[in-house]
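# Structure at a glance
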Amino acid sequence: MDLHSASSLVIQALTQATSQDTTVLKPAEEQLKQWEIQPGFYSVLLNIFMNHSLDVNVRWLAVLYFKNGIDRYWRRVAPHALSEEEKSTLRAGLITNFNEPVNQIATQIAVLIAKVARLDCPRQWPELIPTLLESVKVQDELHQHRVLLTFYHVTKTLASKRLAADRKLFAELAAGVYSFACSLWNHQTDTFLQQICSGDEAAAVNSLERTLLSLKVLRKLTAHGFTEPQQNMEVMGFLNAVFERVKQFLECRRRISAGHICMDKLEKNIILYTKVLLDFLDYHPYHFIPLIQRSLEFAVSYVFTEVGEGVVFERFVVQCMNLIKMIVKNSAYKPAKNVEDSKVETLEAHKIKMEFFTYQTLTEICRRLVSKYLLLTEEELTMWEEDPEGFAVEETGGDSWKYSLRPCTEVLFLDVFHEFSQTLTPALLDMVHNLQGPSVMEDSSVLLIKDAVYNAVGLAAYDLFDSVDFNQWFENQLLAELQVAHDRYKLIRRRVIWLIGQWTSVKFRSDLRPLLYEAILNLLQDQDLVVRIETATTLKLAVDDFEFSTEQFLPYLESIFSLLFQLLQQVMECDTKMHVLHVISCVIERVNMQIRPYVGCLIQYLPLLWKQSEEHNMLRCAILTTLIHLVQGLGADSKNLYPFLLPVIQLSTDVSQPPHVYLLEDGLELWLATLENSPAGTAELLRIFQNMPALLELGSENVKTCLQIINGYLFLVSSEFLQTYATAICHSFCDLLKDITHEGQVQVLKVVENVLKVSPVLGAQMFQPLLPSVFRGVIDGERYPVVMSTFLGIVGRVLLQNASLFASLLSQMAVEYNQEVDQLLGNVIEMWVDRMDNITQPERRKLSALGLLSLLPSDNSVIQDKFCGIINVCVEALHDLMTEDPETGTYKDCMLISHLEEPEQSEDEEPPKEQDKRMKMLALKDPVHSVSLQQFAYEKLKKQQDLLGEQGFQALMQTVDTEIVRQLQEFLQGL
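No experiment lies behind these values; they were computed from the predicted model shown. (Residues numbered from 1 in each chain as written. Predicted model: local features only at pLDDT ≥ 70, side-chain atom pairs only at ≥ 80, totals over all residues. Heavy atoms only, no water.)

## Some details on a negative patch on the surface
Put simply, the rule is: Patch construction takes residues with relative accessible area above 30% that form no salt bridge. Like charges are linked within 9 Å, and nonpolar side chains (Val, Leu, Ile, Met, Phe, Trp, Tyr) are linked within 5 Å. Here the Shrake-Rupley method, with its probe set to 1.4 Å, supplies the accessible areas, and only the displayed protein chains count as covering residues. A carboxyl oxygen of Asp or Glu within 4 Å of a side-chain nitrogen of Lys or Arg is what we treat as a salt bridge. Charge counting follows a simple rule: Lys and Arg are positive, Asp and Glu are negative, and His as well as the terminal groups are ignored. In this description, the location of a charge corresponds to atom NZ of lysine, CZ of arginine, CG of aspartate or CD of glutamate. For helices the rule is a DSSP run of H or I covering at least 4 residues; for strands it is a run of E covering at least 2, with both sets numbered from the N terminus onward. In this scheme, a residue with accessible area under 20% of its type's maximum is buried, one over 50% is exposed, and one in between is partly exposed, where area comes from a 1.4 Å probe on protein chains only.
On the surface, E386, D387, E573 and D575 cluster together into a negatively charged patch. With respect to the element layout, D387 can be found in the loop between helix 17 (378-386) and helix 18 (388-395). The exposure class of D387 is partly exposed, given its relative accessible area of 33%.

## Topic: helix 43 (residues 867-881)
Condition: For a helix, the expected span equals 1.5 Å multiplied by the residue count minus one.
With 15 residues, helix 43 should cover 21 Å at 1.5 Å per step; its first-to-last C-alpha distance of 21 Å lies within 8% of that length. Residues F867, G869, I870, I871, V873, C874, V875, A877, L878 and L881 constitute the buried set of helix 43.

## Some words on empty space enclosed by the protein
Our working definition: Definitions used for this entry: grid spacing 1 Å over protein atoms alone; cavity, a set of points where a 1.4 Å probe fits but cannot get out; pocket, an open set with protein on both sides within 12 Å along at least 5 of 7 lines; lining residue, one with an atom within 4 Å of a point. Grid points are joined across faces, edges and corners, and a volume is the space filled by probe spheres set on the points. Gly is put with the polar residues, along with every residue not named as nonpolar or charged; the nonpolar set is Ala, Val, Leu, Ile, Met, Phe, Trp, Tyr, Cys and Pro, and the charged set is Asp, Glu, Lys and Arg.
Under the defined criterion, the tally for this structure stands at two cavities of 30 Å³ or more. Considered as a void within the structure, the largest cavity measures approximately 120 Å³ in volume. As for the largest cavity, its lining consists of 14 residues, of which N97, F98, E100, I109 and R146 are closest to the centre. Mapped onto the lining of the largest cavity, the elements with two or more residues apiece are helix 6 (103-120) and helix 8 (141-159). Here the lining of the largest cavity gets four residues from one element, more than from any other, and that element is helix 6. Partitioning the lining of the largest cavity into residue classes produces eight nonpolar, four polar and two charged.

## Considering a nonpolar patch on the surface
Together, M618, V661 and Y662 line one region of the surface with nonpolar side chains, adding up to about 330 Å² of accessible area. Looking at where V661 falls in the secondary structure, it is placed in helix 31 (residues 660-677). A relative accessible area of 62% places V661 in the exposed class.

## Description of the nonpolar core
Spelled out, the test is: By convention a nonpolar core is built from buried Ala, Val, Leu, Ile, Met, Phe, Trp, Tyr and Cys residues, the set being connected through side-chain atoms within 4.5 Å. For this analysis, residues touch if any pair of their heavy atoms sits within 4.5 Å.
Counting residues in hydrophobic clusters, the biggest one holds 350 residues, and the most contacted among them are W671, I710, Y713 and F733. Here this core gets 19 residues from one element, more than from any other, and that element is helix 34 (residues 703-738). Leaving out residues up to four positions away in the same chain, Y713 has contacts with W671, L675, L685, L686, I688, F689, S718 and F721.

## Let's talk about the packing of helix 25 (residues 529-543) against helix 26 (residues 550-570)
Note the following rule: All axes are obtained by fitting lines to C-alpha atoms, using only the stretch in contact for helices, and the reported angles, taken between N-to-C directions, cover 0 to 180 degrees. The scheme is simple: roughly parallel for angles under 35 degrees, roughly antiparallel for over 145, roughly perpendicular for 65 to 115, oblique for anything else. By convention the crossing between two helices is left-handed if the near helix lies anticlockwise of the far one by an angle smaller than a right angle, and right-handed if it lies clockwise.
At a minimum axis separation of 11 Å, helix 25 and helix 26 run at an interaxial angle of 135°. Taken together, helix 25 and helix 26 sit at an angle that is classed as oblique. Pair helix 25 / helix 26 crosses with left-handed handedness. Contact with helix 25, carried on its side by L529, R532, I533, A536, L539 and V543, involves F553, I560, L564, L567 and Q570 of helix 26 and no other residues of that element. Grouping the constituent residues of the contact of helix 25 with helix 26 by class yields nine nonpolar, one polar and one charged.

## Looking at the packing of aromatic side chains
The test is simple: Note on aromatic pairs: the rings of Phe, Tyr and Trp (six-membered ring only in Trp) are paired at centre separations within 6.5 Å, and the planes decide the class, stacked below 30 degrees, edge-to-face beyond 60, tilted for the rest.
Inspection of the entire model under this criterion finds 40 aromatic pairs. Where F298 meets Y302, the ring centres are 5.4 Å apart and the plane angle is 80°; that geometry is what we call edge-to-face. One end of the pair, F298, and the other, Y302, are both in helix 13 (residues 289-304), four residues apart, so they sit about a helical turn from each other. Geometrically, the ring pair formed by Y302 and F316 is edge-to-face, given 5.6 Å between the ring centres and 80° between the ring planes. Residue Y302 is found in helix 13, and its partner F316 is found in helix 14 (residues 314-329); the two are separated by 14 residues along the sequence.

## Some details on the layout of surface pockets
Each pocket or cavity is described by its volume, and for the largest pocket that value is around 710 Å³. Around the largest pocket sit 25 residues that line it, and F715, K750, N754, K757 and M919 are the ones nearest its centre. Taken together, the elements giving at least two residues each to the lining of the largest pocket come down to helix 31, helix 34, helix 35 (742-758), helix 41 (842-853), helix 44 (914-925) and helix 45 (927-930). The element that contributes the greatest number of residues to the lining of the largest pocket is helix 35, accounting for six residues.

## Here's the deal with the pattern of salt bridges
Enumeration according to the criterion identifies 49 salt bridges in this entry. In this structure, E36 engages R72 in a salt bridge whose closest nitrogen and oxygen atoms are separated by 2.8 Å. One end of the pair, E36, is in the loop between helix 2 (22-35) and helix 3 (41-50); the other, R72, is in helix 4 (residues 56-73), with 36 residues separating them in the sequence. The class for E36 is buried, based on a relative accessible area of 8%. Put simply, E306, E309, E364, R367, R368 and K372 are held in one network by salt bridges that share partners.

## With respect to the environment of T305
Considering the arrangement of structural elements, one finds T305 in the loop between helix 13 and helix 14. You can call T305 partly exposed: its relative accessible area is 25%. A sequence separation of 236 residues divides T305 from L541, and the C-alpha atoms of the two residues are 38 Å apart. Ignoring sequence-local partners within four residues, the contact set of T305 consists of V300 and R368.

## Details of helix 44
The end-to-end C-alpha distance of helix 44 is 18 Å, a good match for the 16 Å that 12 residues give at a rise of 1.5 Å each. Along helix 44, the positions that sit buried rather than exposed are E914, Q915, R918, L922, A923 and L924. Check the buried side of helix 44 and you find it contacts helix 31, helix 34, helix 35 and helix 45.

## A short note on the packing of helix 6 against helix 8
Orientation of helix 6 relative to helix 8, taken along the N-to-C sense of each, is 40°, at an axis distance of 8 Å. Relative to helix 8, the element helix 6 is oriented oblique. The two elements helix 6 and helix 8 meet at a crossing, and its hand is right-handed. Mapping the contact onto sequence places N103, A106, T107, A110, V111, I113, A114, A117 and R118 in helix 6 and R146, L149, T150, H153, V154, T157 and L158 in helix 8.

In structure tokens form, the structure reads like this:
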């Protein structure tokens, strides 16, 4: 591509590609895509985005195309890779000047230079770093900023490489530039501090931006550039200087006004300093040991003493808490149980840590965490009043609080309390003791403190197990607090019910549960919405506990379920509805069929909620989960839900519909539950299976559920199902088996087994294209035992239940393997006998014995030659199956199932699903459960004797080991 002639064409195409008109945009994009692989195209792009006189949007697009091209065409092995000559020219052009006036474009140029550096630096681009270091000395502020921006992105990218050779190269880079980077950072920082003191705000902002960039470079070099950083005086000097610089910047922040133009970047610098320490601690915990004492003094003084008053800000407090937490929790600082096995460095760090955390320090940290940082703020209380649902969702773990002060405080409290529980337990219990008795409603500060203390006791529940008699506290104090109806006391009602929820799985007597359910029943009628939502959460924890008893809960079920439904209708926010639905789902799951009398209103409401949640896929997921538990609870009565249920399944499992990305997994589970509980098939239920071939084609982690759904249809409507969909399923299975794990093969083949089980003739006929691969697996001696076992199960069914098909397949295989049919049959029997140890399931072992015995009587010399092996398999299976009646001394096949037998069912067990009943009826027809192996063997051997005569038969029996013959006779006696 000629640079001069092509430049105007490319500019024109880029201009059109920025258009909002798709008729102009699309052809331009297509043209640019064709040019991507043309030699010289990226040189043209470089000239365009370096030309500051052109339109900003055109230059921006040129940078993006260049950046994307690096990923696609820069590597030598890439199709249409750039030539080495053009790459050399491009590398040189990228670092000829650093005067880009537009910030966004400058950032993109820095990123694309870093992308090239990741591939070429330092071998093909040795001049990059020296050029950057030299260029940063230029006094022009814009130039210096752009060089630093590039230097940062290059450093960041090279630091992210993890191969040993790349890390070695980065270490060499760090050793070469660290001193310069430190002096640059110091200079920029001092310049900023002088400018801010002199009142030169505009210059101070620019210096602060360059300070931030140089600090970002140092952060990457310090964390990733040294294997033994403790031995480098400059590294340790920089890290120690961090504490003083933070102090200077915090003081600077204190002096300037809230709206000052430097405030935002000043806070970013302060946070970045803490990230330097956190990174170094994370990557070099042992080399951080000399900094532990100072880091703890630094963080604790700012967060837990008067030093921080009026100086710190929330994000800085969070970072300080993270620093304390990482030191307290760091496994490198915890001695082994056997102290002699610990590293010297670990013992040193542990000693520093324990000497710092004195009784006085710990109790002060605990006191301030509870009485200051765990207190609900004015903003939170306002939110409670103005947006109760928003408050409740965030309190239960909303994403927006992920990096905020409250969750960080709770985590730090938990970690410190767990590490020093012996010291802190008495201190916390003193706080609890001081708050017992009725609280003065007018004094909101006392209520806030009580809320915070109860919060702490809930957080530390597991550590307080042996120190708190929660059952007594619940009976004597907490129940009474739940009954205080004053509006201001809603703070404590909500906290107490939350507290009980935290302790239910820790220490809560089962005989107290009815009292808890009564309290929950009352609080679900509380005037305050936040209290009701929190109560629902505690209910979920209570019913989800392993000590939950349905019998205890049943007297409260109707009222509680009705109130939960009212709450679901009342709340408006998507997240809150999801939360309440999860509680409802949990209740339905635990009480199962006992829910039937109470779900009418919910069943009527869910279609409306589904329609309203069209734009909220996560809420729809919650509805699907509720429907799964509803179907399981309703059993056969779930058929009444079909007008709503089946379209929901249809939409959720249709891969051509965008919502399937969110709904598919739950939709498949609902589909399966619907089939398992369906009393009879319907045309609509059968029609949904049209979605399945596309799902099998996806080959995702949901294949197992898809196969279970196919089984469900087989057991429900086998003949209609197979006639309609067998061809498509067989085709899908053939494709699946080509590219699937051994475990996946087994899952697919089990479905084929079920096809042959439910429909020996029709099923075998329709799945015939798949059977040759099964026979090949047996003939070739499949190595994977579980797959071989499944192959033999299928061959056994075909042989036993469809002998003509077996003969046909054997003839087909004989042609394929260029063998005589009898020779191949002999090989199959020999392989079968040899691999019987692969078959561990008793059902398949019996099936193998029945299948091989079905070859008798026979005068075929090959079958007679394998007679010994067939009898061995038969006797092994008899040992597996036969149980002796001690009174009569006779044997009985334990796998036989009669129509009269009904499984015993305890009171705690739920009635069987509809599918369980269908499988029982199918088992009654299955030869494995309807044919006595003992009787079958006797009859086959008797017919073989009749065929050969006594002398011939005895000659055949003499080929069998005498001990095996004795055991066989013992099993067959009395017949």
